[in-house]
Amino acid sequence: MAKLSTDELLEQFKELTLIELSEFVKAFEETFEVTAAAPVAAAAAPAAAAAAEEVEEKTDFDVVLESAGAAKIQVIKVVRSLTSLGLGEAKALVDGAPATVLEGAKKDDAEKAKADLEEAGATVTLK
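Residues numbered from 1 in each chain as written. Predicted model: local features only at pLDDT ≥ 70, side-chain atom pairs only at ≥ 80, totals over all residues. Heavy atoms only, no water.

## Topic: helix 5 (residues 87-95)
It helps to recall that an α-helix has 3.6 residues per turn; residues three or four apart then point in one direction.
Then, number 1: Here helix 5 has its buried residues at Ala-90, Leu-93 and Val-94. Projected onto a plane normal to the axis of helix 5, the buried residues spread over an arc of 95 degrees and lie on a single side.
Then, number 2: Along its buried surface, helix 5 packs onto strand 1 (60-67), helix 4 (72-82) and strand 2 (99-106). (Buried < 20%, exposed > 50% of the residue type's maximum accessible area, 1.4 Å probe, protein only. Helix = DSSP H or I, 4+ residues; strand = E, 2+ residues; numbered from the N terminus. Arc of directions from axis to C-beta. Contact = heavy atoms within 4.5 Å.)

## Overview of the pairing of strand 1
Then, number 1: Bridge count for strand 1 against strand 2 is five bridges, and the pairing is antiparallel. Of the residues in strand 2, the one forming a bridge with Leu-65 is Ala-99.
Then, number 2: Bridging between strand 1 and strand 3 (residues 123-126) involves four bridges; their strand directions are antiparallel. Pairing of Ser-67 across the sheet is with Thr-123, part of strand 3. (Pairing = 2+ DSSP bridges.)

## Some remarks on a nonpolar patch on the surface
Then, number 1: On the surface, Leu-16, Phe-24, Val-25, Phe-28, Phe-32 and Val-34 cluster together into a nonpolar patch covering about 500 Å² of accessible area.
Then, number 2: Mapped onto the elements, Phe-32 comes out in helix 2 (residues 18-32).
Then, number 3: For Phe-32, a relative accessible area of 53% gives the class exposed. (Patch = residues over 30% accessible without salt bridge, like charges linked within 9 Å, V, L, I, M, F, W, Y side chains within 5 Å. Areas by Shrake-Rupley, 256 points an atom, 1.4 Å probe, with all protein chains shown as cover. Salt bridge = Lys/Arg side-chain N within 4 Å of Asp/Glu carboxyl O.)

Given below as structure tokens:
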């Protein structure tokens, strides 16, 4: 087996879940009959948490219409432009707020849709 550099080892550890990393530490301690010192564990935890957050970065968003506001007709027009809904369906969606306008939209598309709906007077959230 080829010897891995420190950077290569760190890259491999970044791909592990916290449970897998914990199991590795236990196996390491048993194999080499050592105990991980508290400062080492404290330093590893933030790095592992940061790696977990990086992996879980959300890329798809749902655009949820919370309320149409005072300019309901304008909001209906924007909903129609964002979706393939007809007039009656768009009106029903707006009247049924809170309702999901777009599901699984990319971040840029979701933010643009939110801005367009808010410009029309609606209250919108991204989930």
